[in-house]
Amino acid sequence: MVDPIKIIERARLSTAKDPWAQREAWRNHPSFSKMSQLRGMFPGFGIATGLFAIYLAYDHFAGAKDKKH
């Protein structure tokens, strides 16, 4: 588990020379990474894809046998 006190102390030590570095430190947080943002863009896409595949399989095997339009 990540210890927030250690993170704050490490940030304080590394940003002692730059007064704006602490205000910019949030940009390096893992929740603002590119992959995190892409994963959050479509939150239900995986579940919806799985359910749609199940629906297609059901329709193919147990659906109507009449394929006329």
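Sequence positions are assigned chain by chain, starting from 1 and proceeding in written order. Thresholds applied to this predicted model are a pLDDT of at least 70 for local features of residues and 80 or more for the giving and counting of side-chain atom pairs; totals over whole chains, interfaces and linings are not thresholded and use all residues. Computation of side-chain values: all heavy atoms of the structure, hydrogens and water removed.

A.B. asks: So what exactly am I meant to see when it comes to the overall build of the protein here?
C.D. replies: Across its full length, the protein holds four helices and zero strands. In DSSP terms, a helix is any run of H or I states spanning at least four residues, a strand is any run of E spanning at least two, and both are numbered starting from the N terminus. Scanning the protein from its N terminus toward the C terminus, one meets helices and strands in the order α-α-α-α. Relative accessibility decides the category of a residue: with a 1.4 Å probe and only protein chains considered, values under 20% of the type maximum give buried, values over 50% give exposed, and everything between is partly exposed. Burial analysis of the protein (69 residues in total) assigns 4% to the buried set. Residue-level accessible areas treat just the shown protein chains as cover; the underlying method is Shrake-Rupley with a 1.4 Å probe. For the protein, the exposed surface amounts to about 7,100 Å²; the carbon and sulfur share of it is 66%.

A.B. asks: Teacher, can you tell me more about the packing of aromatic side chains here?
C.D. replies: Each Phe, Tyr or Trp ring (for Trp, its six-membered ring) is paired with any other whose centre lies within 6.5 Å, and the angle between the two planes then decides the class: stacked below 30 degrees, edge-to-face above 60, tilted in between. For the coordinates displayed, the defined rule picks out two aromatic pairs. With a centroid separation of 6.2 Å and an interplanar angle of 50 degrees, the aromatic rings of phenylalanine 42 and phenylalanine 45 are classed as tilted. Look at phenylalanine 42 and you get exposed, because its relative accessible area is 55%.

A.B. asks: What is the right way to read a nonpolar patch on the surface from this model?
C.D. replies: Every patch collects residues that have over 30% relative accessible area and no salt bridge, joining them within 9 Å if they carry like charges and within 5 Å if they are nonpolar side chains (Val, Leu, Ile, Met, Phe, Trp, Tyr). Whenever Lys or Arg places a side-chain nitrogen within 4 Å of a carboxyl oxygen from Asp or Glu, that contact is recorded as a salt bridge. A cluster of nonpolar residues, Met35, Leu38, Met41, Phe42 and Phe45, forms a patch on the protein surface that exposes about 600 Å² of accessible area. A per-element tally of the nonpolar patch places helix 3 (residues 34-41) first, with three residues. Among the secondary structure elements, methionine 35 is positioned in helix 3.

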